[in-house]
Amino acid sequence: MSTLYKSTRSDSKTFTASEAILKGLADDGGLFVPTSIPALDVSIEELSKMDYKEVAYNVMKNFLSDFTEEELKDCINKAYDSKFDTEEIAPLVEVEGAYYLELFHGSTIAFKDMALSILPHLLTTSAKKNNINNEIVILTATSGDTGKAAMAGFADVPGTRIIVFYPAGGVSSIQEKQMVTQKGDNTYVVSINGNFDEAQSGVKAIFGDKELAKEMADKGFQFSSANSINIGRLVPQIAYYVYAYAKLFAEGKVAKDEKINVVVPTGNFGNILAAFYAKNMGLPIDKLICASNDNKVLYDFFETGVYDKNREFMLTISPSMDILISSNLERLIYRIAGNSYEKNAALMEDLKTKGKYEITPEMKAELKDFYGNYASEAELSKTIKDTYESCGYIMDTHTAVAATVYDKYKKATGDNKTTVIASTASPFKFTRSVMNAIDPKYDEKGDFELVDELSRIGNVAVPNAIEEIRNADVRHNNNCDVDGMKDIVKKFLGI
Ligand SMILES: *Cc1c(COP(=O)(O)O)cnc(C)c1O
């Protein structure tokens, strides 16, 4: 069976998976979506006996159907190796009756590693398959975690360069230190004087610049994207939901076909969309619980059917979710519009020109799989503190948004189904906010003193990703305005 991809915004031709991975974004500005979502063709019994890599292969093979078995297995083996600090890759930890799927055991200790450790391999394999000889330039906007994970994945990968833009003052100090100390001669990092949405829009504009694309091609370069709009990121993320379910089944925590709920702390809507695709593959998932922080544009959307980004952009202690334009939502909109590119394109045009759009009641009815809510700064901090005090488990600020929303969901519905909470970052990545939540007295201490204190009170070793930046040299010191992004890209590439 082969899966093909097409754009959400026009009646485009179809693309193979490798073509869609190379392009990142469709030429018309739309996102690539599979023309149909392949079914999971391996039983849960079989999956429950497999390790992470085998599950990943069985989930990904039908999405990336133009990859040979050898090519895909090679990518998987190179990705999910000792860069992860546990052989389980994504451990499932039971805390107060819910299952935390810890997606932060990779090299940059956030869930972005789950996809970005494999994307460079998918991309270079795709280039080979399509006889591309250009150097591939990855351009990425980051709210803090993608940038580092992408650089870690692409550093010194032959035939690639990577340029990362992050909002100055919009990331945690540990996140910033992780990025500006990045090694690799093919890595470039720039802070921009703007927020994440502006960084993301700037990158999209550079992608859409036909003149620049031509100049690039003349010099032997072409752009691709490591942002979560790339299906090469979305597809690997489906795997861990299947893995989590198989694990629950193996441990007797769910019966055959028993439905579970999944809670996802959401920003760009990539991670939760992967869960939605897993459900559509046939995984027994009931509700997809979409957890937002104070930038609660998605909560309002699920409540009212109006997506409205015209509001104040808040800087929160869960910065990787500080987003008002959730790019991947477009894939869901396309689908609930009955896979209509006309309807979707019209709504996206509204978003561009008016900053908002409204879906029809019929479309809204198609959202019944989702429940949305949000957590304020005080609520999520309280969740961190209460959970630590009652059972010693220390979660990060993003995961705490999910845990808080899960509590609200249970109170509102009484639904006590077995639940998986996507735990998207290590608390060590957001040490200051986490420690302040536990006790404000910690605010006087330095970043690395707090790291050591967190290790002590949580009884967990300091992750390698943190040890490595403790004394690392700053290697990047670039800053630009939003309208200077294109020039700095040209400067880095010497064109
Ligand atoms: C990126 C990120 C999120 C949001 O994920 P989306 O796929 O953008 O919705 C949540 N938590 C952390 C720690 C992240 O890095």
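Residues numbered from 1 in each chain as written. Predicted model: local features only at pLDDT ≥ 70, side-chain atom pairs only at ≥ 80, totals over all residues. Heavy atoms only, no water.

- Looking up the chain in an unreviewed UniProt entry gives the name Threonine synthase, with the organism given as Eubacterium uniforme.
- Under the UniProt heading Sequence similarities (unreviewed entry), the entry covering the chain gives this text: "Belongs to the threonine synthase family."
- Of the chain, the UniProt comment under Cofactor (unreviewed entry) reads exactly: "pyridoxal 5'-phosphate". (UniProt positions renumbered as here; feature names shortened; annotations may be inferred.)

## Section: the packing of aromatic side chains
- As enumerated under the stated definition, the model contains 19 aromatic pairs in all.
- Between Tyr240 and Tyr241, the ring centres sit 5.0 Å apart and the planes meet at 50°, which makes this aromatic pair tilted. For the pair Tyr240 and Tyr241, a shared accessibility class is recorded, and that class is buried.
- Their ring planes at 35° and their centres at 5.4 Å tell us that Phe276 and Phe370 sit as a pair that is tilted. (Phe/Tyr/Trp six-rings, centres within 6.5 Å; stacked < 30°, edge-to-face > 60°. Buried < 20%, exposed > 50% of the residue type's maximum accessible area, 1.4 Å probe, protein only.)

## What to know about the pairing of strand β9 (residues 260-265)
- Within β9, six of the six residues are buried, which leaves it mostly tucked inside the rest of the structure.
- Side chains Ile260, Val262 and Val264 project from β9 onto one buried face, and the interleaved Asn261, Val263 and Pro265 project onto a second face that is buried too.
- Examined bridge by bridge, β9 and strand β10 (residues 285-292) share five bridges and lie parallel to one another. Note that in β10 the partner of Val262 across the bridge is Leu288.
- Remark: the β9/helix α12 (residues 270-281)/β10 crossover connection has right-handed handedness.
- Alignment of β9 against strand β14 (residues 419-423), held across three bridges, turns out to be parallel. Across the sheet, Asn261 pairs through a bridge with Thr419, a residue of β14. (Helix = DSSP H or I, 4+ residues; strand = E, 2+ residues; numbered from the N terminus. Pairing = 2+ DSSP bridges. Right-handed = clockwise from strand over helix to strand, strands pointing away.)

## Details of empty space enclosed by the protein
- Per the stated rule, a full pass over the model turns up three cavities of 30 Å³ or more.
- Looking at the largest cavity, it is lined by 26 residues, and the ones nearest its centre are Phe111, Lys112, Gly267, Asn268 and Ser320.
- Elements supplying a minimum of two residues to the lining of the largest cavity: α7 (145-154), α11 (231-250) and α12.
- Among the elements that take part in the lining of the largest cavity, α12 stands out by supplying three residues, more than any other.
- Looking at side-chain class alone, the lining of the largest cavity contains nine nonpolar, 14 polar and three charged residues.
- What lines the second largest cavity is Ala141, Gln200, Val203, Lys204, Phe207, Ser225, Asn227 and Ile229.
- Looking at the lining of the second largest cavity element by element, the count peaks at four residues for helix α9 (residues 196-207).
- Classifying every residue of the lining of the second largest cavity by side-chain character gives four nonpolar, three polar and one charged. (1 Å grid on protein atoms, 1.4 Å probe; cavity = no way out; pocket = protein on both sides within 12 Å on 5 of 7 lines; lining within 4 Å. Points joined across faces, edges and corners; volume = space filled by probe spheres on them. Nonpolar A, V, L, I, M, F, W, Y, C, P; charged D, E, K, R; others polar.)

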